Amino acid sequence: PRTWVPPTRNMDLPGPAPIKTQYFDQTDIDRLVRVARMLDQRWRRMPALIQVAFSTGLRAGNLRELRWEHIDLDKGVINVERTKNGHPIVSVLSGPARAELAALTQPKVGGLVFCNRNGGPYHWRKLWQRVTAEAGYDGWNFHLLRHSCGSVLASAGVGQAAIMEAMNHRTLHASRRYMHLNVAARSEIVARVFG
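Scope of this entry: the structure provided in the associated data block. All values derive from a computational prediction rather than experimental measurement.

**As for helix H1 (residues 26–39)**
In step 1: In this model, H1 (14 residues) spans 20 Å end to end at C-alpha, consistent with the 20 Å of a helix rising 1.5 Å per residue.
In step 2: When H1 is considered as a whole, its buried residues turn out to be Asp28, Ile29, Leu32, Val33, Val35 and Ala36.
In step 3: As for H1, its buried residues are in contact with helix H2 (46–56), helix H4 (95–103), helix H5 (125–135) and helix H6 (144–155).
In step 4: If you check the start of H1, you find a side-chain oxygen 3.2 Å away from the backbone N of Thr27, and it comes from Asp25.

If you want it as structure tokens, here you go:
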């Protein structure tokens, strides 16, 4: 009816959500890998998983489905045929990620990289929780490795278009969340314009 008044009228509503700045940097990753080496005595793939996830920004689902045939260690790339948004991507591996993958045993042709004993997908959630808790990052979820990739790229001065490409974003909005960390690019612009 015309006389209806919304119950939120004249209420102070919360403002926009604060920008989340919690992410791993290279020092944190080194610490996680050291702890993973100590705790992961059975599966022995968590250090590689951490390095690959951090340096490529691949989603957990893509990593679970990753097969050895998708990896070219000589070129240092991973070819992901099917992603969340339906577009294939090529992710470049960092030196540490390449070394970790090269150290893994390749069970069979066409097999999963991060597989369980039977060759199926390994569910690493509990192991991840143990590693993060022991390393001092209790409650930090695995998806933060993806956000950390974008955050570290932006902190290093990488532009938004390159971050979009590296992380397979389809919109500027998706990669915008990292740009507040790109101080180097803003410093260059201010120095060029204002001296």
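After that view, the rundown keeps rolling.
**Re helix H9 (residues 183–194)**
In step 1: End to end, H9 covers 16 Å across 12 residues, agreeing with the expected 16 Å (1.5 Å per residue, within 8%).
In step 2: Two residues or fewer after H9 comes Gly195, characterised by a positive phi angle close to 85°.

**Quick look at the environment of Pro96**
In step 1: Positionally, Pro96 belongs in helix H4.
In step 2: A C-alpha to C-alpha distance of 19 Å links Pro96 and Leu144, two positions 48 residues apart in sequence.

**With respect to the pattern of salt bridges**
Any two side chains of opposite charge can pair if their charged atoms end up close together.
In step 1: Taken as a whole and judged by the stated rule, the model has one salt bridge.
In step 2: A salt bridge links Arg37 to Glu100, with the nearest nitrogen and oxygen atoms 2.3 Å apart. A residue pair is termed long-range when its members are at least 10 positions apart, and Arg37 in helix H1 and Glu100 in helix H4 qualify at 63 residues.
In step 3: Owing to a relative accessible area of 12%, Glu100 belongs among the buried residues under this scheme.

**Focus: the environment of Asp72**
In step 1: Along the polypeptide, Asp72 turns up in strand E1 (residues 71–72).
In step 2: One polar contact links the side chain of Asp72 to the main-chain amide nitrogen of Lys75, over a distance of 3.1 Å.

About the thresholds
Residues numbered from 1 in each chain as written. Predicted model: local features only at pLDDT ≥ 70, side-chain atom pairs only at ≥ 80, totals over all residues. Heavy atoms only, no water. Helix = DSSP H or I, 4+ residues; strand = E, 2+ residues; numbered from the N terminus. Expected span 1.5 Å × (residues − 1). Buried < 20%, exposed > 50% of the residue type's maximum accessible area, 1.4 Å probe, protein only. Contact = heavy atoms within 4.5 Å. Polar contact = N/O pair within 3.5 Å; in protein donor to acceptor, adjacent residues only side chain to side chain. Salt bridge = Lys/Arg side-chain N within 4 Å of Asp/Glu carboxyl O.

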